Amino acid sequence: QGRLFDEAKFYKACEEVVAVLLQSIAPVLNVTYARVAKEAKPKAKAKAKARPKPKARRGGASSSDDEGEEEDEDSDDPDSFQPECFQLLGVDVLMDEKLQPWLLEVNSRPSMDIDEPVRMDEAPAGMRRCVCRDMDGDEHVHLPSKVDVAVKTQALRGAMELAVGRPKPDEYVEVNFAEHSPGGDLGLGYTLQVIARLYQLAGGGDKAFTTYGVRRALAPAIKGGLNPHDLDAAVSRWKHQGYRQSGEVEKDTAEIGVLDFAELLQEVAMVQPGVDEESPLDALAALIENCDPDD
């Protein structure tokens, strides 16, 4: 319609979409990283059988070899292992008539292919016809896409550079999360981070959806007056409302069960003493603030 396209304004709007999205799924990424780091941690070396200590020499001199062995054992600390890894997400947006981007979907495993189908009559001479069903079965070949090569090379190369500790690539834009936080430090980001910590305390995908796991995570609330039997009943109701069962949650590569756990905590929050049924979010905030493992 002859409207000028403001590139800076468009990318600023995209930044807001991505910032709010990442704040929503950051707990999933954090818990997944913790699990992967635990699984990837190198096993502690088996201690060698202790050799008989030589008799002390006159004057109380001891063997320097034994001291060296003790230092070697103490220096091997598997808890210090922190794998350097990253996750690339593909964010699809739609633009409305005002050129405002809206989130369409998120791909946790975006394709890194760099080719595209091209019709045979547009392909360079001598190319062999591809037999796949792209382009509705029309005769075609696959050629490198200039757009895919440029975008995906920058994304993957930049992620690897950051993973090995190099400075932020020029093509990368640093997202200002504080500017786009829905509720400041005590808003969405804080709430989901506490829920992620409670999810891990409850036992992760294995036990977080059991009464035992929820009781363990919400022990401070129980001490503060939450009836354990009301808690158990709330967990049972939640399980029968059509949510995924724990067996299905365990099959996920990513720990998206954190988001299900947030729904479960919302159910439990409503059975706290003196809760206003008209303010479910306030009830959830009070519950998790009382049970934050980091406090």
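Attention here is on the structure that accompanies the text. This is a predicted model, so every value here is computed, not measured.

1. A short note on the nonpolar core
In globular proteins that are soluble, nonpolar side chains generally tend to be buried together. Residues Leu-198, Leu-218, Phe-261 and Val-268 are the most contacted members of the largest nonpolar core, which totals 32 residues. Secondary structure elements with two or more residues in this core: helix H1 (7–40), helix H5 (188–201), helix H7 (211–217), helix H9 (228–239), helix H11 (257–269) and helix H12 (280–291). Considering every element that reaches this core, the biggest residue donor is H11, with 7 residues. What Phe-261 contacts, discounting residues up to four positions off in sequence, is Ile-195, Leu-198, Tyr-199, Ala-202, Ala-208, Phe-209 and Val-214.

2. Regarding the environment of Leu-162
For Leu-162, the location among the structural elements is in helix H3 (residues 146–163). Residue classification places Leu-162 among the partly exposed residues on the basis of a relative accessible area of 37%. Between the C-alpha atoms of Leu-162 and Cys-85, which are 77 residues apart in sequence, the distance is 9.3 Å. In this structure Leu-162 touches Pro-167, Lys-168, Pro-169 and Tyr-172, once residues within four positions along its chain are discounted.

3. Topic: H11
The terminal C-alpha atoms of H11, which comprises 13 residues, lie 18 Å apart, in line with the 18 Å expected from a rise of 1.5 Å per residue. Most of H11 is tucked away: 11 of the 13 residues are buried. The set of residues buried in H11 consists of Gly-257, Val-258, Asp-260, Phe-261, Ala-262, Leu-264, Leu-265, Gln-266, Glu-267, Val-268 and Ala-269.

4. Brief notes about H9
Across its 12 residues, H9 extends 17 Å between first and last C-alpha, which sits within 8% of the 16 Å expected from 1.5 Å per residue. Leu-231, Asp-232, Ala-234, Val-235 and Trp-238 are the residues of H9 that are buried. Each buried residue of H9 lies within a common arc of 160 degrees when the element is viewed along its axis, so the set occupies one face. Residues of H9 that are buried make contact with H7, helix H8 (219–223) and H11. The N-cap of H9, judged by a side-chain oxygen 2.8 Å from the amide nitrogen of His-229 a few residues on, is Asn-227.

5. Overview of the environment of Glu-16
If you trace the backbone, Glu-16 turns up in helix H1. Separated by 163 residues in sequence, Glu-16 and Glu-179 place their C-alpha atoms 8.5 Å apart.

6. Side note on the pattern of salt bridges
Going through the model one piece at a time under the given rule, you end up with 10 salt bridges. With a shortest N-O distance of 2.8 Å, Asp-138 and Arg-119 are connected by a salt bridge. Of the two residues, Asp-138 is situated in the loop between strand E3 (115–119) and strand E4 (140–144) and Arg-119 in strand E3; the sequence distance between them amounts to 19 residues. For Asp-138, a relative accessible area of 36% puts it in the partly exposed group.

7. Considerations on the packing of aromatic side chains
Considering all chains together, one arrives at 6 aromatic pairs under this definition. Seen in terms of ring centroids, Phe-5 and Phe-10 are 5.5 Å apart; in terms of plane orientation they differ by 50 degrees. Their pairing is tilted. Of the residues examined, Phe-10 reaches a relative accessible area of 15% and is grouped as buried. An aromatic cluster is built from Tyr-199, Phe-209, Trp-238 and Phe-261, whose rings are joined through pairwise contacts.

What counts and how
Residues numbered from 1 in each chain as written. Predicted model: local features only at pLDDT ≥ 70, side-chain atom pairs only at ≥ 80, totals over all residues. Heavy atoms only, no water. Core = buried A, V, L, I, M, F, W, Y, C linked by side-chain atoms within 4.5 Å. Buried < 20%, exposed > 50% of the residue type's maximum accessible area, 1.4 Å probe, protein only. Helix = DSSP H or I, 4+ residues; strand = E, 2+ residues; numbered from the N terminus. Contact = heavy atoms within 4.5 Å. Expected span 1.5 Å × (residues − 1). Arc of directions from axis to C-beta. Polar contact = N/O pair within 3.5 Å; in protein donor to acceptor, adjacent residues only side chain to side chain. Salt bridge = Lys/Arg side-chain N within 4 Å of Asp/Glu carboxyl O. Phe/Tyr/Trp six-rings, centres within 6.5 Å; stacked < 30°, edge-to-face > 60°.

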